[in-house]
Amino acid sequence: MSSPIHSPQGNWWIAGVSVLEKTWIRISVVWCLLLFASMIVWASYGKQNQAGPTYRVSTTEFMQKVQAFKKAGTQTEDGIIPADEHIYVAAARFSFDGFPVVLQAGKQYQVHMSSYDVQHGLSVRPEHALSKQMSLQLLPGYEWVLPMKFDEPGVYHVVCNEFCGVGHRTMHGSFIVRR
Amino acid sequence: MIKELFTNDYGPDGFRTCSVTGMRIDRTAENFVKVFGLTAVVALVVGGISAILVVLTRWEVVGLLGPADFYNWLSVHAWNLLIFWMVFMEVAILYVGGPMVLGRKLPAPKLAMVGYVLMLGAAIGINWALMTTSAPDHAPVLTSYAPLPSSEWFYLGAIVFILGTVIAALPFFAAIWQEKVENPNRSLPLVAFGAFITAIIAVEALLGGLITYIPTYMWRIGLLEHIDAAWYRQMYWIVGHGSQQINLAAMITVWYFLTHVVGGAEVVSEKVSRSAFILYLFFINMGAAHHLMADPALAASWKVWNTSYAAYGAVLASMIHAFAIPAGLEAGRRKRGAGKSLFGWLWSSPWSNPVFSAVIFSIILFGFMGGITGVLMGQMQLNLAWHNTWATVGHFHATVVLGTTMTFMGLVFFVIQTMFRKELIMAPLAKIQPWFYSGFMALTTLMMMYLGILYGIPRRHASVMNIPGTDFNFAAAEPLFVVFGIAALLAIAGGILFALISVGSLLFGNRLDPSTVFRPTHSWQGDGSPVHLQSMRGTFAFTLIFLAVFVIAYVLNWYLLSRLWEIG
Ligand SMILES: [Cu+2]
């Protein structure tokens, strides 16, 4: 009997392996390679890749960038219309700075993101379809630049989904996407 | 009464022979297994009580706690169930997989005692720090992400707990060492080998913990000026995910052990199963990278490499075990004529034994719910939709609760009967406990996954139906929250049942000869034909169903992602 609580007898390395077990291992290897390949393929052809440059930045520097962004943009009742394709948003306990921003559908923007204090999350979804959602991590000291292009007009709500203190749940911002 | 729990009929050399497994058991090793196991159950109870508070807060129809209390109790829930319940059990498992399986004395029992005292002291200290956290400190939840400061006693407790665990593991390594010195040409039994791999992974994880918590503690008490958030995340996940890899490796070792002892499973290929453990040794650490997929400061190539090519060494290992363990049960039972048809070997298994049903449900639910979701969220782009949503919490409830906790509950029932030698009280309820608990817990977990992926419900929120300062809320998800709340409360009832049966049996159970409950393993004989030539077609069918579910879930997740706006 081959028991897991006794030392195996003889040379167990050369003992036979069931045909079905070998088949399953081959299937598994192929599946793992497919999993690997899909990420590579999506990185080239897919439209959702959280890849973009990161820069070291101090809190003061990034605060100045957000202030400059707000000043250069046009203030409206709904939010800031950015002056160019660069958007600066920051999370802080317990609010977002730079939001709400008013964007044009179908136009690509460079979203610069960071935190003024601790780790935060940037979790975004359109009001009309909660299942179309995604989340990013924001870290103090790092400015992350990700291109984004919203095709569907609507209000995209932003909440913080990294625990940042007792008031964490109250953080809210929005992208307002217009035609 | 307490003394009675630690008595057994040992011979003059301090050993006894277990009537079920035939193992030669050293008195000291057995007593330490009992002490660590009992402490683990206490942590399970504390974590379970906090689960009630957490569930009744997140189910906002009740909305029990305010945010500050909620985060404190969420931290208590995390540390007791993800760390203390698991790690105390795992030290017990090392002492079973090392000295007991090898029939040796527990070396250096004083170290085991020092380790235990440090772990216990740290666990009490951390619990106290978590329950009394108040401004300017913040609840650490599990991750204590710097630079959000938590109580300095919390960081100190984490350091001491890690040191205690390393010390408690030393007697296990010494037993393996002694065995290899005395019998250099004898392979370790598979269970001892699995425990050995688990212990190495554990030491790696624990060293990562010291690298994380010592500088963080120094920062907290003012000795270091600055702590970098990205550095913290990368270091923290060595222990944060590493500790869960200990759970995985320990759980799989226990699967081999209990399917054999309770169901008559055999090892269908020593080569394949051991190679899979070796794959864990080299690749499972890479799993930690999937926590950093939505982070700045890391290149896409770093993310893809670490979560794919490298981590799939471990995914492959898990898929191999997913075949090898049920196949062992199938082949072992077929050999003795237990069930001829495709699944006859399974239906004829001892389902009324809660040790058996707990292990089988754990294998199935871990694989279908925990394993698949782990791979999904570990894909760089898919992680966008999973990161920090409640679906992530669903994933690790599938691995740690449906998988490891279910397995460890089965193991506790086994230890109560074979080591404490107590009959389980409330036998009819004990029989259904694994069915009840795993059923409702699986539903709870599924709801968390749906709520996270389909509604984007964030994790670690005291309320999502009402977000102060805005009209926006997640009220559309309310119906699923109702299912979540009811299922979670019923699952907790199943957990309470486990605690009542365990503690009640220890206190009031009749003295038991375990060979009347478990069929002694030396009677697992059969026709003597080589086990790898037995049919494994039932297992193959199961694994194909598993693969089909995997593929469907995979395609659905990419479809959901493809509907998003353009990012990157
Ligand atoms: Cu926040």
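Conventions we followed
Residues numbered from 1 in each chain as written. Chains lettered and ligands numbered in written order. Predicted model: local features only at pLDDT ≥ 70, side-chain atom pairs only at ≥ 80, totals over all residues. Heavy atoms only, no water. Contact = heavy atoms within 4.5 Å. Buried area = accessible area lost by both parts, 1.4 Å probe. Salt bridge = Lys/Arg side-chain N within 4 Å of Asp/Glu carboxyl O. Polar contact = N/O pair within 3.5 Å; in protein donor to acceptor, adjacent residues only side chain to side chain. Helix = DSSP H or I, 4+ residues; strand = E, 2+ residues; numbered from the N terminus. Domains from an automatic or database assignment. Buried < 20%, exposed > 50% of the residue type's maximum accessible area, 1.4 Å probe, protein only. Pairing = 2+ DSSP bridges. Donors = N, O, S within 2.8 Å, 3.2 Å for Na, K, Ca; no water. Tetrahedral: all angles 85-135°; square planar, octahedral: opposite > 155°, others 65-115°. Phe/Tyr/Trp six-rings, centres within 6.5 Å; stacked < 30°, edge-to-face > 60°. Lys NZ or Arg CZ within 6 Å of the ring centre and 35° of its normal. Lys, Arg positive; Asp, Glu negative; His and termini not counted.

**Student:** Any details on the interface of chain A and chain B? Residues and values, ideally.
**Tutor:** Where interface size is quoted, it is often the accessible area lost as the parts come together. If you look at the interface, chain A gives 77 residues, while chain B gives 105 residues. Regarding the contact of chain A and chain B, the summed buried area is about 8700 Å², with carbon and sulfur atoms giving 67% of it. The three residues of chain A that bury the most area against chain B are Ile5, Trp24 and Arg169 of chain A, which together make up 10% of that side's buried surface. Across the contact surface, chain A and chain B share three salt bridges. In this structure, arginine 460 of chain B engages glutamate 162 of chain A in a salt bridge whose closest nitrogen and oxygen atoms are separated by 2.9 Å. Our count for the chain A to chain B interface comes out at 47 residue pairs in polar contact (both at pLDDT 80 or more). Contributing elements (two or more residues each) for the side of chain A that touches chain B: helix H1 (19-45), strand E1 (54-56), strand E8 (120-126), strand E9 (134-138), strand E10 (142-149) and strand E11 (154-159) of chain A. If one sorts the elements of the side of chain A that touches chain B by residue count, H1 of chain A sits on top with 18 residues.

**Student:** I'd like a description of the domain arrangement of chain A, backed by residues and values.
**Tutor:** Partitioning chain A into domains gives domain 1 (15-45) and domain 2 (54-178). In this structure, domain 1 of chain A and domain 2 of chain A have C-alpha centres spaced 39 Å apart.

**Student:** Which residues make up the pairing of E8 of chain A, and what values go with them?
**Tutor:** Successive residues of a regular strand alternate their side chains across the two faces of the sheet. All names here are of chain A. When you tally the buried positions in E8, you get seven out of seven residues, the bulk of the element. Relative to E9, E8 is paired through five bridges, and the arrangement is antiparallel. Residue pairing in the sheet places histidine 120 in a bridge with leucine 138 of E9. Relative to E11, E8 is paired through four bridges, and the arrangement is antiparallel. Bridged to arginine 125 within E11 is histidine 157.

**Student:** Could you give an account of the coordination of the copper ion, naming the residues involved and the relevant values?
**Tutor:** Residues and elements named next belong to chain A. His120 (ND1), Cys160 (SG), Cys164 (SG) and Met171 (SD) make up the full set of protein donors to the copper ion, lying at 2.1 to 2.5 Å. In this structure, the copper ion is surrounded by four donor atoms whose angles at the metal cover 97 to 127°, and the resulting shape is tetrahedral. Of note, the copper ion draws all its donor residues from one chain, in the sequence arrangement H-x39-C-x3-C-x6-M. In this pair, cysteine 160 sits in the loop between E11 and strand E12 (172-178) while methionine 171 sits in the loop between E11 and E12, placing the two residues eleven residues apart along the sequence. Each of the two residues, cysteine 160 as well as methionine 171, counts as buried.

**Student:** Summarise the packing of aromatic side chains; cite the residues concerned and give the values.
**Tutor:** Residues and elements named next belong to chain B. Under the criterion given, the structure shown has 54 aromatic pairs over all chains. For the ring pair tryptophan 351 and phenylalanine 361, a centre distance of 5.9 Å and an interplane angle of 40° mean the geometry is tilted. Of this pair, tryptophan 351 sits in the loop between helix H10 (344-347) and helix H11 (354-377) while phenylalanine 361 sits in helix H11; the two residues are ten residues apart in sequence, bridging distant segments of the chain. A relative accessible area of 16% places tryptophan 351 in the buried class. Under the relative-accessibility criterion, phenylalanine 361 is labelled buried at 15%. By way of ring pairs, the aromatic residues Phe32, Phe36, Trp79, Phe84, Phe88, Tyr95, Tyr116, Phe154, Tyr155, Phe161 and Tyr213 are connected into one cluster. Just above the ring of phenylalanine 15 sits the side chain of arginine 24; from NZ or CZ to the centre is 4.0 Å. Sitting over the face of the ring of tyrosine 145, arginine 233 holds its NZ or CZ atom 4.7 Å from the ring centroid.

**Student:** I'd like a description of the side chain of lysine 34 of chain B, backed by residues and values.
**Tutor:** Residues and elements named next belong to chain B. Relative to the assigned elements, lysine 34 resides in helix H2 (residues 27-58). Of the side chains with opposite charge, glutamate 30 comes closest to the buried, unpaired lysine 34, at an N-O distance of 4.5 Å. Of note is the side chain of lysine 34, whose polar atom sits 3.3 Å from the backbone oxygen of methionine 419. When sequence neighbours within four positions are dropped, the list of residues in contact with lysine 34 reads Leu5, Phe6, Thr7, Asn8, Met419 and Phe420.

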